[in-house]
Amino acid sequence: NLSSKTSYDAKVNYSTFDSLNFYVINYSGTNQIYNRFKVIYDNATLLNVSGQLKYQLREKINFIAKGNYYLYKTKNLIRPYHRPDFDMTFSAIYNLKRKIIVRADLFIMGNQWAYTQISDNINTIYKPKLINGWADVNLEAEYRYSKMLGFFARINNIASQRYYRWERYPS
């Protein structure tokens, strides 16, 4: 704790993986839609630096910021496919007499790489493709009728943005 209203958490983690899974579009077969992934494996190391900061404003309002930075080193693959380089979350939570809870979240995902097929009429090549990072805003409201029964409503992607968490799969 930094104070009675502020707390933090910081971590550094280094991991070594034997056969870490990565997802790539399956371009084999007669399916020309390319709407399926296959899993490829590679030995890899991961350095993950993460942290969280929480601040309580008065008794009913909490602000939380947390994030992760990822540094992958793969043995055979050029890039760590569909693994973002960072992610962050910013949240604000309002608690009204423990009955009504309102929450707003901002999710931010960093750039990531996909292994994609690029074709013209003559040649087909496969190469890494950068998938841009994105931000997403969500709202949630919860009503706690009792300790056993509650109701909630959640609205995801309020800005109705079109982004790609996975190659060829728009959100």
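Everything that follows concerns the structure shown earlier in this document.
Cut-offs applied
- Residues numbered from 1 in each chain as written.
- Predicted model: local features only at pLDDT ≥ 70, side-chain atom pairs only at ≥ 80, totals over all residues.
- Heavy atoms only, no water.
- Pairing = 2+ DSSP bridges.
- Helix = DSSP H or I, 4+ residues; strand = E, 2+ residues; numbered from the N terminus.
- Axes fitted to C-alpha atoms, helices over the stretch in contact; angles between N-to-C directions.

Side note on the pairing of strand S9 (residues 150-155)
Bridge count between strand S8 (residues 134-144) and S9: 6 bridges; the pairing is antiparallel. Along S9, the bridge assignment pairs Leu139 with Ile155. Linking S8 to S9, which pair antiparallel, is a turn of 5 residues.

Considerations on the sheet that holds strand S5 (residues 100-109)
Taken together, 7 strands build an open sheet; the order of strands is S1-S2-S3-S4-S5-S8-S9 and the sheet is antiparallel. Each end of this open sheet is capped by a strand with a single partner; those strands are strand S1 (6-25) and S9. Pairwise comparison of adjacent strand axes, ignoring direction, gives a mean angle of 15° for this sheet. Relative to strand S3 (residues 61-74), strand S2 (residues 37-57) runs antiparallel, the two being bridged by 14 bridges. Within S3, the position partnered with Leu47 by the bridge is Leu71.

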